[in-house]
Amino acid sequence: MPDRPEYSLLELASVREGDSVGITLANSVAYAQRAEKLGFKRFWLAEHHNMEGISSSATSVLIGHIAGKTDSIRVGSGGVMLPNHPPLVIAEQFGTLESIYPGRIDLGLGRAPGTDPVTARALRRDGLGAEQFPEDVARLQSLLGPLRPGQPVKAIPGAGTNVPIWLLGSSLYSAQLAAMRGLPYAFAGHFAPRLYREALKVYRDNFQPSAQLDKPYAILALPAVPADSMEEAQHLATTSYQRILALFRGQPLWMKPPVDSMDGLWNAGEKASVKDFLALQLQGDAQAIGQQLNKILATVEFDELMFTVDIYDPAKRRHALDILADTRQSLK
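Quick caveat: nothing in here was measured; it's all calculated off a predicted structure.

(A) Fine view of the overall build of the protein. If you tally the helices and strands in the protein, you get 12 helices and nine strands. In terms of overall size, the protein behaves like a compact globule, its C-alpha atoms giving a radius of gyration of 19 Å where 332 residues would be expected to give roughly 20 Å. Based on the C-alpha atoms only, the size of the protein along its principal axes is roughly 65 × 45 × 40 Å. When the 332 residues of the protein are sorted by exposure, 54% land in the buried category. Expressed as a percentage of contacts within the protein between residues at least 6 apart in sequence, the contacts between residues at least 24 apart total 74%. Of the accessible surface of the protein, which amounts to about 14400 Å², a share of 54% is contributed by carbon and sulfur atoms. Computed over 33 positive and 35 negative side-chain charges, the separation of the two mean positions in the protein equals 3 Å.

(B) Seen up close, the layout of surface pockets. When its volume is computed, the largest pocket comes out at roughly 960 Å³. Contributing to the lining of the largest pocket are 47 residues, with L12, H48, A188, H190 and F191 lying nearest its centre. Listed by contribution, the elements that provide at least two residues to the lining of the largest pocket are strand 1 (6-11), strand 3 (74-81), strand 5 (165-169), strand 6 (185-187), strand 7 (218-226), helix 9 (238-249) and strand 9 (304-308). If one sorts the elements of the lining of the largest pocket by residue count, strand 7 sits on top with five residues. A breakdown of the residues in the lining of the largest pocket according to their chemical character gives 26 nonpolar, 15 polar and six charged. Counted as a void, the second largest pocket has a volume near 220 Å³. Lining the second largest pocket are 13 residues, and of these Q141, N162, V163, A211 and Q212 sit closest to its centre.

(C) Region of the structure containing empty space enclosed by the protein. Taken as a whole and assessed by the stated rule, the structure comprises one cavity of 30 Å³ or more. Put simply, the largest cavity is a space of about 130 Å³. Around the largest cavity, the lining is made up of 15 residues, and of these S14, R16, N27, P314 and R317 lie nearest the centre. Residue assignment for the lining of the largest cavity shows that the elements contributing at least two residues are helix 1 (21-37) and helix 12 (314-327). If you tally residues by element for the lining of the largest cavity, the top one is helix 1, at four residues. For the lining of the largest cavity, a count of residues per class yields six nonpolar, four polar and five charged.

(D) Focus on helix 1. Helix length check: helix 1 (17 residues) gives 24 Å between terminal C-alpha atoms against 24 Å at 1.5 Å per residue, within 8%. For helix 1, the set of buried residues is T24, L25, S28, V29, Y31, A32, A35 and E36. The buried residues of helix 1 occupy one face: seen down the axis, they fall within an arc of 165°. Among the exposed residues of helix 1, those oriented more than 90 degrees off its buried face are G22 and K37. Considering only its buried residues, helix 1 is in contact with strand 1, strand 2 (42-45), helix 2 (59-68) and helix 12. Where helix 1 ends, the next residue or the one after it, G39, has phi of about 90°, a positive value.

(E) Quick look at the nonpolar core. Counting 84 residues, the largest nonpolar core has L107, L109 and F307 as the members making the most contacts within it. Judged by nonpolar contacts, the second largest core, of 13 residues, contains L10, A46, W166 and L168.

(F) Representation of the packing of aromatic side chains in the model. Per the counting criterion, the structure on display carries 10 aromatic pairs. Between Y185 and Y203, the aromatic rings sit 5.4 Å apart at their centres with planes inclined by 35°, giving tilted as the arrangement. With Y185 in strand 6 and Y203 in helix 7 (residues 196-206), this residue pair connects regions lying 18 residues apart in the sequence. By relative accessible area, which is 0% here, Y185 ends up buried. Judged by centre distance (5.7 Å) and plane angle (80°), the rings of F248 and F277 are edge-to-face. One end of the pair, F248, is in helix 9; the other, F277, is in helix 10 (residues 268-277), and 29 residues separate them in sequence. With relative accessibility at 17%, the residue F277 sits in the buried group.

(G) Layout of the packing of helix 1 against helix 12. Remark: helix 1 packs on helix 12, axes separated minimally by 9 Å, with the N-to-C direction vectors making an angle of 20°. Relative to helix 12, the element helix 1 lies roughly parallel. Remark: the crossing between helix 1 and helix 12 carries right-handed chirality. Packed against helix 1, whose contacting residues are N27, A30, Y31, R34 and A35, the element helix 12 presents P314, R317, R318, L321 and D322 at the interface. Broken down by class, the residue content of the contact of helix 1 with helix 12 amounts to five nonpolar, one polar and four charged.

Calculation criteria
Residues numbered from 1 in each chain as written. Predicted model: local features only at pLDDT ≥ 70, side-chain atom pairs only at ≥ 80, totals over all residues. Heavy atoms only, no water. Helix = DSSP H or I, 4+ residues; strand = E, 2+ residues; numbered from the N terminus. Rg over C-alpha atoms; globule rule 2.2 N^0.38 Å. Buried < 20%, exposed > 50% of the residue type's maximum accessible area, 1.4 Å probe, protein only. Contact = heavy atoms within 4.5 Å. Areas by Shrake-Rupley, 256 points an atom, 1.4 Å probe, with all protein chains shown as cover. Lys, Arg positive; Asp, Glu negative; His and termini not counted. Charge placed at Lys NZ, Arg CZ, Asp CG, Glu CD. 1 Å grid on protein atoms, 1.4 Å probe; cavity = no way out; pocket = protein on both sides within 12 Å on 5 of 7 lines; lining within 4 Å. Points joined across faces, edges and corners; volume = space filled by probe spheres on them. Nonpolar A, V, L, I, M, F, W, Y, C, P; charged D, E, K, R; others polar. Expected span 1.5 Å × (residues − 1). Arc of directions from axis to C-beta. Core = buried A, V, L, I, M, F, W, Y, C linked by side-chain atoms within 4.5 Å. Phe/Tyr/Trp six-rings, centres within 6.5 Å; stacked < 30°, edge-to-face > 60°. Axes fitted to C-alpha atoms, helices over the stretch in contact; angles between N-to-C directions. Parallel < 35°, antiparallel > 145°, perpendicular 65-115°, else oblique. Left-handed = near helix turned anticlockwise from the far one by under 90°.

Structural data, given as structure tokens:
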């Protein structure tokens with residue numbers, strides 16, 4: 001692990017209650033531009049479908065938009081939910097993106113549909129799903145690699161671009177597959193906090209070098225609410241509490257303003273479930289978050305941190321990146 005892990009961001013293009021998608025995406029652009037200025041390494045967009053309040057469904061389109069509005073930060077998918085798409089289509093899309101923005105595109109892949117079963121069937125009508133994920137990953141690697149003599153199906157653009165492929169996961173399955181294939185790996189600690197130590201250890205212990213990667217490289221994704229004080233962070237965090245509560249209740253996921261108290265908005269069981277979901281959430285000023293990160297660093301090995309920041313006010317959300325950037329100096 002490097003002395004100080006690289007910092008990156010995961011974006012869902014969350015829609016504030018009452019805002020349009022256009023306003024939301026303009027805020028995402030400003031957020032990415034701020035991250036670039038502060039030296040963040042990557043800006044990834046997550047694929048979700050049929051979720052009111054999340055506007056990152058057309059992931060490759062948004063990657064192109066963000067890449068076109070920035071200059072150097074790597075932009076990619078966190079991730080493309082591969083069961084929803086034929087590998088050829090993804091190879092063509094990301095081959096095109098790499099051709100326009102060379103050296104800046106990442107292709108993160110997940111094996112979940114990123115939606116409900118009915119919508120998943122609407123996205124991919126042949127009925128094939130996560131069970132063919134390893135084969136689909138291999139097809140993508142082949143399509144993005146060099147053209148072979150007599151190759152019947154070619155990704156044009158795509159062939160020879162060698163867009164870096166990442167495997168994303170929230171369990172041990174993708175950790176094992178990434179290790180076996182010699183691919184970089186990202187663990188979704190921002191919504192699945194329980195297995196992050198085990199998954200990252202499985203990945204490192206079983207890693208096999210490949211043409212893409214000679215040694216393991218892992219990202220840990222964490223939720224964060226950086227603010228100028230712990231009191232303000234605890235207030236701002238109620239936005240994320242309300243969204244996860246809505247997720248559990250099957251309600252729209254509009255981003256709502258923070259509240260003075262969650263009392264009356266959730267019951268004891270719901271509170272416990274939301275806090276469990278966000279068990280790795282970082283809160284506070286730069287010093288407090290640095291201390292929280294050092295506790296995590298002492299127990300698990302990774303190379304990069306990727307943050308999700310659910311803050312309602314766009315200006316405060318951008319300011320949160322300044323606070324996060326300051327924490328890197330305090331990491332041990």
